[in-house]
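# Structure at a glance
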Amino acid sequence: MDRINRISFRQRWNSYKRNPQSLILFLLVCFAALAAMTALLFLMGYILIKGIPNLTPSLFSWRYNSENVSLMPALINTLLMTACSLVLAVPVGICAAIYLVEYTGRGNRLVRLAGLAAETLSGIPSIVYGLFGSLFFVKTLKMGLSLAAGSCTLAIMILPLVMRTAEEALRSVPDSYREGSFGLGAGKLRTVTKVILPSAIPGILSGVILGIGRIVGESAALIYTAGTVAEAATSLFDSARTLSVHMYTISGEGLYIDQTYATAVVLLVIVIAINGLSGLAAGKLTKEK
């Protein structure tokens with residue numbers, strides 16, 4: 001093995017000597033990766049160093065007040081908001097992707113139009129979604145500042161992301177899978193549900209993970225649609241603040257900076273846990289496939 005590694009290194013070095021531009025590009029890529037990892041580790045370390053000492057039992061009290069500044073109601077609201085948004089966005093996004101990939105021709109005008117629309121919606125600032133949600137869900141549909149209005153707004157926000165990721169995952173499935181299924185006598189629907197979707201699940205799951213990350217970290221749109229009430233929602237039409245809105249609110253007051261860092265630690269742990277569990281699930285599904 002060591003001999004093979006030495007031969008491989010020698011071959012790469014000879015290639016770099018023949019083409020110095022490749023060496024320069026390789027060094028630039030390595031520097032960019034190192035810079036990105038350094039920035040990420042610095043950010044995580046800074047949050048952990050500032051926040052862990054301020055994690056106290058009072059922060060996890062069931063009721064919020066000005067003394068304990070509890071994040072527990074916001075944590076419960078975050079989980080509810082995430083679940084409701086995913087229930088609305090994921091089925092629609094996956095079904096739309098299946099239609100565009102499997103039931104329309106490659107290069108179809110509808111596919112190009114849907115791709116352009118999804119990319120345009122992905123680039124819209126979240127505050128614009130918040131304004132739309134405030135005007136449509138809160139006022140026109142009379143939902144008020146509520147969990148339901150916030151979930152609908154976030155569902156629209158992550159829908160293009162889920163749809164585009166699902167499209168790419170479905171397109172990455174080899175055509176031989178489809179041809180083999182048709183050759184065995186399976187119909188279109190059975191091929192999609194039993195062959196293509198199971199093969200594309202890891203890619204689809206990555207889009208869902210990205211959507212969860214955007215939901216958990218969103219604050220601008222929720223301030224105008226879900227409100228900032230620091231209590232756990234008991235119904236879909238209760239006003240509720242999420243963890244990100246909770247951080248924004250208490251940091252803006254200027255009196256609870258230590259608690260803000262502690263809340264950031266909890267938010268960071270939640271995102272890491274979700275990514276880890278989703279990665280394990282994707283790996284298990286890939287092995288089973």
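Conventions and cut-offs
- Residues numbered from 1 in each chain as written.
- Predicted model: local features only at pLDDT ≥ 70, side-chain atom pairs only at ≥ 80, totals over all residues.
- Heavy atoms only, no water.
- pLDDT = per-residue confidence, 0-100.
- Helix = DSSP H or I, 4+ residues; strand = E, 2+ residues; numbered from the N terminus.
- Contact = heavy atoms within 4.5 Å.
- Salt bridge = Lys/Arg side-chain N within 4 Å of Asp/Glu carboxyl O.
- Core = buried A, V, L, I, M, F, W, Y, C linked by side-chain atoms within 4.5 Å.
- Buried < 20%, exposed > 50% of the residue type's maximum accessible area, 1.4 Å probe, protein only.
- Expected span 1.5 Å × (residues − 1).
- Bend = angle between axes of the 7 residues up to and from the residue.

## Considering the confidence of the model for the protein chain
When pLDDT is averaged along the protein chain, the result is 83; 89% of the residues meet or exceed 70. The weakest mean pLDDT in the protein chain belongs to helix 1 (residues 2–18) at 57; the strongest belongs to helix 5 (residues 126–140) at 91. In the model, residues 1–5 has pLDDT below 50 throughout and makes zero contacts with residues more than four positions away in sequence or in other chains.

## Description of the pattern of salt bridges
All chains considered together, the criterion is met by six salt bridges. Here the salt bridges do not stand alone but share partners, grouping Glu102, Asp175, Arg178 and Lys188 into one network.

## Concerning the nonpolar core
Of all hydrophobic cores here, the largest spans 53 residues; its most connected members are Leu86, Leu170, Ile204 and Leu243. Tallying contributions element by element places helix 3 (residues 72–102) first for this core, with 12 residues.

## Concerning helix 3
The first and last C-alpha atoms of helix 3 sit 44 Å apart over 31 residues, in line with the 45 Å expected at 1.5 Å per residue. Along helix 3, the largest kink reaches about 30 degrees and is centred on Leu86.

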